[in-house]
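Overview (structure and organization)
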Amino acid sequence: MAAPREWLGTVEAEGIAGRQGSSGVEVVFPSDPATPAPLCPHGPTLLFVKVNQGKEETRRFYACSACRDRKDCNFFQWEDEKLSGARLAAREAHNQKCQPPLSRTQCVERYVKFIGLPLSQRKFCQRCQQLLLPDDWEKHQEHRVVGDISITQLKRPSQLLYPLENKKTNAQYLFADRSCQFLVDLLSTLGFTRVLCVGTPRLHELIRLKASGEKKSNIKSLLLDIDFRYSQFYMEDSFCHYNMFNHHFFDGKAALEVCRTFLQEDKGEGVIMVTDPPFGGLVEPLAVTFKKLIAMWKEGQSQDSSQKELPIFWIFPYFFEFRIRQFFPSFCMLDYQRFHRTFICVDEAMKYGCMLEVDYDNHALYKHGKTGRKQSPVRIFTNIPPNKIILPSEEGYRFCPLCQRYVSLENQHCEHCNSCTSKDGRKWNHCFLCKKCVKPSWIHCSICSHCALPDHSCGGPKDGCFICGELDHKRSTCPKITTSKKVNKAVRKQKQRKSNKMKMGTTKGQSMNHTSVTRKKRRRERAHQYLCS
């Protein structure tokens, strides 16, 4: 998810900031929790600090917990900054303006009225992403409206709703149905009766569909998600508007009690949390939030059960195993590699009025790595003993009696490491100098004294300026940036002149404007055919 921006963002945020003596932005959790963090439209903000060469570079600052891009949420405040009453009032007004137009109670009332309407009167506005009652029709008469919304469609809101538009990629990634089916079957086999779905709307939908189907399932679920639009499709006991990066319930204590009741039902027995955070999210704030949910679950436990852990499935890329186990040492990573997600193109959905979904594992644009391997880098991290989780043999998994867990056929047991060591679906090789198994594409570097890619830069990653290479400043403050810009501008002009000459030679009297428009049209048509193929 070439890899999607979510993964790359996570690598940049976690990997770079996590190396000793390197640069990045780190989250700081104050030692005095009594001091409340300022609020943005997404709830309490997080405290960050820029780090350069392992040292704090500037003052600490508060920023949005949920949005990595300032264009999505531009909140910024220095930790020691004193705000005037006028600025605080303006911020409060802005936060209120950004809240959903309808309260949770109003959404429930509208939903009850909507399902009571005859089929011909059930309408959904695609522009406003809203279920329409007859009184709303006049306001939306010039919008694109879908009619005859069936009960089945209401049970699959993720297929009705457009993805929340991301300005950088215009796409969103959701579980494919076959991945949801695998999870539901696995949860049923393990004997769970309640599933707390944190950021997994499609899993929540499938569980509820199974519960209301002919072969009724006894599994119940509660969805916690930051997308407020789901409020209009569920009753209060099925959905809570929630931010997993700061443990914020947007609807206050009422929603908090719904979650608490769900976790503590039957003295906390038979419940599991399944979470699928955005892959660009930092691990540390997620871990802090999950520990708060665990503490909420433990409140309903007896003293005899105090040593028990809340079962968790945390779905995340395999290269964050080290970071996750820093916060949850009891977690292990399952070797299930066929986690499929759906790539949804917002631009195409808006243009054609329908959802365009592509399973990116089978899509040429989203194959895993340069070799086009179809194994997904997504894995399940869990505190459930791995020998209890049976992976399907028909998909190429076997039980390793030495490791006491199911692994893929390519994941061979290393007698030196005493473990099935592969993480990415390939057979790894043991390096006797490093005393561990490494990826087959890596070789041992005598200069760095560890294994790495053959074309790596010896000495490790270098921080500092990308223009002059100095370590005491960044590119944005480089004194040579003006010279660099002039050189780049001259190169661009030269390329443009060559390009114009080539165009003039190929037009042969045709209008340049007409040619440009035709080429753009052809590119759009090819892009549409490519996405639909």
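The structure displayed is predicted, hence computed values, not measured ones.

Considerations on the overall build of the chain
In terms of helices and strands, the chain carries 13 helices and 29 strands. Classification of the 533 residues of the chain by burial places 43% in the buried group. For the chain, the computed accessible surface area is about 29500 Å², with 53% contributed by carbon and sulfur atoms.

Re the confidence of the model for the chain
Residues with a pLDDT of 70 or more make up 72% of the chain, whose mean pLDDT is 80. The low-confidence segment residues 348-373, where pLDDT is below 50, has 75 contacts with residues more than four positions distant or belonging to other chains.

Details of the packing of helix 8 (residues 253-264) against helix 9 (residues 283-298)
At their nearest, the axes of helix 8 and helix 9 sit 8 Å apart, and the two run at 60° to each other. Pair helix 8 / helix 9 crosses with right-handed handedness. Contacts between helix 8 and helix 9 involve Leu256, Cys259, Arg260, Leu263 and Gln264 from the former and Leu293, Met296 and Trp297 from the latter. Split by residue class, the contact of helix 8 with helix 9 holds six nonpolar, one polar and one charged.

So, the packing of helix 6 (residues 177-189) against helix 7 (residues 201-212)
Direction vectors running N to C along helix 6 and helix 7 enclose 60°, while the axes themselves pass 9 Å from each other. As far as their axial angle goes, helix 7 and helix 6 are oblique. Read as a crossing pair, helix 6 and helix 7 show a hand that is right-handed. Across the interface between the two elements, Asp177, Cys180, Gln181, Leu183 and Val184 of helix 6 pack against Arg202, Leu203, Leu206, Ile207 and Lys210 of helix 7.

Topic: the sheet that holds strand 15 (residues 248-249)
Pairing in this open sheet of eight strands is mixed, and the strands run 15-14-13-12-16-17-21-18 from one edge to the other. Two strands in the sheet have a free side with no partner beyond their single neighbour: strand 15 and strand 18 (332-333). Bridge count between strand 17 (residues 312-317) and strand 21 (residues 378-382): five bridges; the pairing is antiparallel. Directly across from Trp314, in strand 21, lies its bridge partner Phe381.

Re the packing of aromatic side chains
Remark: the centre distance and the inter-plane angle together describe each pair of aromatic rings, the angle taken between the planes. One pass over the structure, following the stated rule, counts 18 aromatic pairs. Considering the side-chain rings of Tyr230 and Phe239, the 6.2 Å spacing of their centres and the 50° angle between planes classify their relative orientation as tilted. By the burial criterion, Tyr230 is buried, and Phe239 matches it. Grouped by ring-pair contacts, the aromatic residues Phe279, Phe290, Trp314, Phe316, Tyr318, Phe319, Phe320, Phe328 and Phe331 constitute a single cluster. Directly above the aromatic system of Trp78 lies the positively charged group of Arg59, at a separation of 4.3 Å from the ring centroid.

Remarks on the environment of Pro377
Along the chain, Pro377 turns up in the loop between strand 20 (357-359) and strand 21. A relative accessible area of 2% means that Pro377 is categorised as buried. For the pair formed by Pro377 and Phe319, sequence separation is 58 residues and the distance between their alpha carbons is 8.1 Å.

A closer look at the nonpolar core
In this structure, Leu196, Leu224, Cys259, Leu293, Phe313, Trp314 and Phe316 are the most contacted members of the largest nonpolar core, which totals 76 residues. Per-element tally for this core: the top contributor is helix 9, with eight residues.

Let's talk about the side chain of Ser65
Looking at the element boundaries, Ser65 is found in the loop between strand 6 (61-63) and strand 7 (76-78). Separated by 3.2 Å, the side chains of Ser65 and Asn246 make a polar contact. The contact partners of Ser65, leaving out residues within four places of it in the chain, are His42, Pro44, Leu46, Asn243, Phe245 and Asn246.

Overview of empty space enclosed by the protein
Considered as a void within the structure, the largest cavity measures approximately 40 Å³ in volume. Lining the largest cavity we find Met333, Leu334, Asp335, Pro386, Ile389, Leu391, Arg405 and Tyr406. Classifying every residue of the lining of the largest cavity by side-chain character gives six nonpolar, no polar and two charged.

The rules we used
Residue numbers run consecutively from 1 along every chain, following the written order of its sequence. At least 70 in pLDDT is required for a residue's local features to be given in this predicted model, at least 80 for side-chain atom pairs to be given and counted, and no such filter applies to totals for whole chains, interfaces and linings, which use all residues. Side-chain measures here rest on the full set of heavy atoms in the structure, leaving out hydrogens and waters. A run of H or I in DSSP counts as a helix once it spans at least four residues, and a run of E counts as a strand once it spans at least two, with each numbered from the N terminus. Throughout this description, buried means an accessible area under 20% of the type-specific maximum (1.4 Å probe, protein chains only), exposed means over 50%, and partly exposed covers the range between. Surface accessibility follows the Shrake-Rupley procedure with a 1.4 Å probe radius. Residue values consider only the protein chains on display as shielding. pLDDT measures how confident the predictor is about each residue, on a scale from 0 to 100. For this analysis, residues touch if any pair of their heavy atoms sits within 4.5 Å. Orientation is described by axes fitted as lines to C-alpha atoms, over the contacting stretch for helices, and by angles from 0 to 180 degrees between their N-to-C directions. By definition, turning the near helix anticlockwise from the far helix through less than a right angle yields a left-handed crossing, and turning it clockwise yields a right-handed one. Amino acids outside the nonpolar list (Ala, Val, Leu, Ile, Met, Phe, Trp, Tyr, Cys, Pro) and the charged list (Asp, Glu, Lys, Arg) are all regarded as polar, and Gly is one of them. Should an angle fall under 35 degrees it is called roughly parallel, over 145 degrees roughly antiparallel, and 65 to 115 degrees roughly perpendicular, with every other angle called oblique. What makes two strands pair is DSSP finding at least two bridges between them. A pair of aromatic rings is counted whenever rings of Phe, Tyr or Trp (Trp by its six-membered ring) have centres within 6.5 Å, and the orientation is called stacked for planes under 30 degrees apart, edge-to-face for over 60 and tilted otherwise. In this scheme, Lys NZ or Arg CZ marks a charge over a ring once it lies within 6 Å of the ring centre and within 35 degrees of the ring normal. Each nonpolar core is a collection of buried residues, namely Ala, Val, Leu, Ile, Met, Phe, Trp, Tyr and Cys, held together in the definition by side-chain atoms within 4.5 Å. Polar contact criterion, stated in full: a pair of N or O atoms within 3.5 Å, where within protein one must be able to donate a hydrogen and the other to accept it, and residues adjacent in sequence count only if both atoms are side-chain atoms. A cavity, in this analysis, means grid points on a 1 Å lattice covering only the protein atoms where a 1.4 Å probe fits yet has no way out; a pocket is instead an open set bounded by protein on both sides within 12 Å along at least five of seven lines, and a residue lines either one if it has an atom within 4 Å of a point. Grid points are joined across faces, edges and corners, and a volume is the space filled by probe spheres set on the points.

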